[in-house]
Amino acid sequence: MSRPTSRRSRLRRPTVLALGLTGALTLTACGGDADRGGDDAPARSTEAARRGLLTQEAAAKVVDTYERVNNRANAERDEKLLSTVETGQVHEQSRADYQQWETWSKEDRKHYASAFRYTDREYLIPAADSGVTWFAVKARSSADPDQEGALLVFDRAGGSTYRMTMAVYADEAPIPKAAVDEQGLVTPADPSKKVGALAPDQLDEHYEDFFETGGRKKAARTFASTETSKDSVEVYEEGPDDDLKKYATERYFAAEPAHPAVYALELADGSTLALFPTAHTSELMLKPQYLSGFDITPTDDESLYDATERDVVTDEFQGQALAVLDPKGKPRVTAVEYRMVDSR
């Protein structure tokens, strides 16, 4: 996956759901591998603090390999091939894309399967002795040159090769400038350390309150208002499609991200940039007075997982998000992308 999508809006996607009548609701959004050589190995001398986790040349090879393999895998919907260069939350979304491919329009399939490249790359490489196993890349996609850009993370945790683990496309504003030292290396931030009100690894549980309560319980007073957060509140407020409002209710519940890794780094202005996973389920349920006479017929996408007509349709969404944490203010979430990965 890992490309901007022309299919539908990143946050929300209308579908059709029959109820003995029709109507419905779901959500959406949408996204190297290089052998470790001498340039890629951590420094083993007193110069370790001045050397990067890998060189820019080695990082470029990782991204080049990802492009090549990802493009081939997307064209063939080869999940096994894609897993050689991709893992984590981004791969969770890619698997869903491949599984739901048959329900897409011809235009969407053509766009997704067409080859693309990452341009205008800026490699964000930590020091070799930083204790992290990842590097990031700011880039644009040739598939959408007018887009604000993407932040990509490649991690080799638990393995000998780097694989993409997260990829979020900026919706509201360009990705901010990272702080760099005299060698041009970035400084990773501790995901468990608070920056202002929250630590990066606390963002998901608080952000999901926008879907659960419209932000009234905690999110509205915890986060700065952004276009992204407003869109999330809108999803909560809209509820079922008009044809279903009389017959069913819809609620959202925070869920555990499939892959909990959080990535954070320091910014030039003293803030912290975080890429974090997030997840929720949506529950579309018939109102009590209609339980005996109606069933909900799943959408085409939902039917791929469970085609049974039922009183309650529960969809699981796995997401990725981008946030800036200000030590003197509220965190700002400026991009979030979800995929439905299961329905029951």
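Refer to the preceding data block for the structure.
Residues numbered from 1 in each chain as written. Predicted model: local features only at pLDDT ≥ 70, side-chain atom pairs only at ≥ 80, totals over all residues. Heavy atoms only, no water.

Trainee: Which parts of the structure should I look at to understand the packing of aromatic side chains?
Mentor: The geometry of two aromatic rings is summed up by the distance between their centres and the angle between their planes. If you walk through the whole model with that rule in mind, you get 18 aromatic pairs. A ring pair is formed by Phe211 and Tyr252, whose centres lie 6.0 Å apart and whose planes are at 50°; its orientation type is tilted. Of this pair, Phe211 sits in helix H6 (residues 209-213) while Tyr252 sits in strand S9 (residues 248-254), placing them 41 residues apart in sequence. With relative accessibility at 0%, the residue Phe211 sits in the buried group. Residues Tyr247 and Phe294 carry aromatic rings whose centres are separated by 5.2 Å and whose planes lie at 55° to one another, so their mutual orientation is tilted. Separated by 47 residues along the polypeptide, Tyr247 in the loop between helix H9 (242-245) and S9 and Phe294 in the loop between strand S11 (272-286) and helix H10 (300-303) bring together distant segments of the chain. On the basis of relative accessible area, Tyr247 is assigned to the buried category, the value being 16%. What makes Phe294 partly exposed here is its relative accessible area of 26%. The ring of Trp101 is capped by Arg77, whose NZ or CZ atom sits 3.9 Å from the centre of that ring. (Phe/Tyr/Trp six-rings, centres within 6.5 Å; stacked < 30°, edge-to-face > 60°. Helix = DSSP H or I, 4+ residues; strand = E, 2+ residues; numbered from the N terminus. Buried < 20%, exposed > 50% of the residue type's maximum accessible area, 1.4 Å probe, protein only. Lys NZ or Arg CZ within 6 Å of the ring centre and 35° of its normal.)

Trainee: What am I meant to see in the pattern of salt bridges here?
Mentor: Oppositely charged side chains are able to pair whenever their charged atoms sit close together. Applying the stated criterion to the full structure yields 13 salt bridges. Put simply, Arg121 and Glu67 hold a salt bridge, and the shortest N to O gap is 2.9 Å. Remark: Glu67 occurs in helix H1 (residues 56-76) and Arg121 occurs in strand S5 (residues 118-124); sequence separation between them is 54 residues. Via salt bridges that share partners, Asp64, Glu67, Arg117 and Arg121 belong to a single interconnected network. (Salt bridge = Lys/Arg side-chain N within 4 Å of Asp/Glu carboxyl O.)

Trainee: Looking at this structure, I do not really get the nonpolar core. What am I missing?
Mentor: Note on soluble globular proteins: their nonpolar side chains tend to be buried together. Core analysis: the largest hydrophobic core is formed by 34 residues, its most contacted members being Tyr118, Phe135 and Phe154. Those elements that place two or more of their residues in this core are H1, helix H2 (79-82), helix H3 (88-100), S5, strand S6 (134-141), strand S7 (150-155) and strand S8 (163-169). Among the nonpolar cores identified, the runner-up in size contains 27 residues, and Val195, Phe211, Ala321 and Ala323 belong to it. (Core = buried A, V, L, I, M, F, W, Y, C linked by side-chain atoms within 4.5 Å.)

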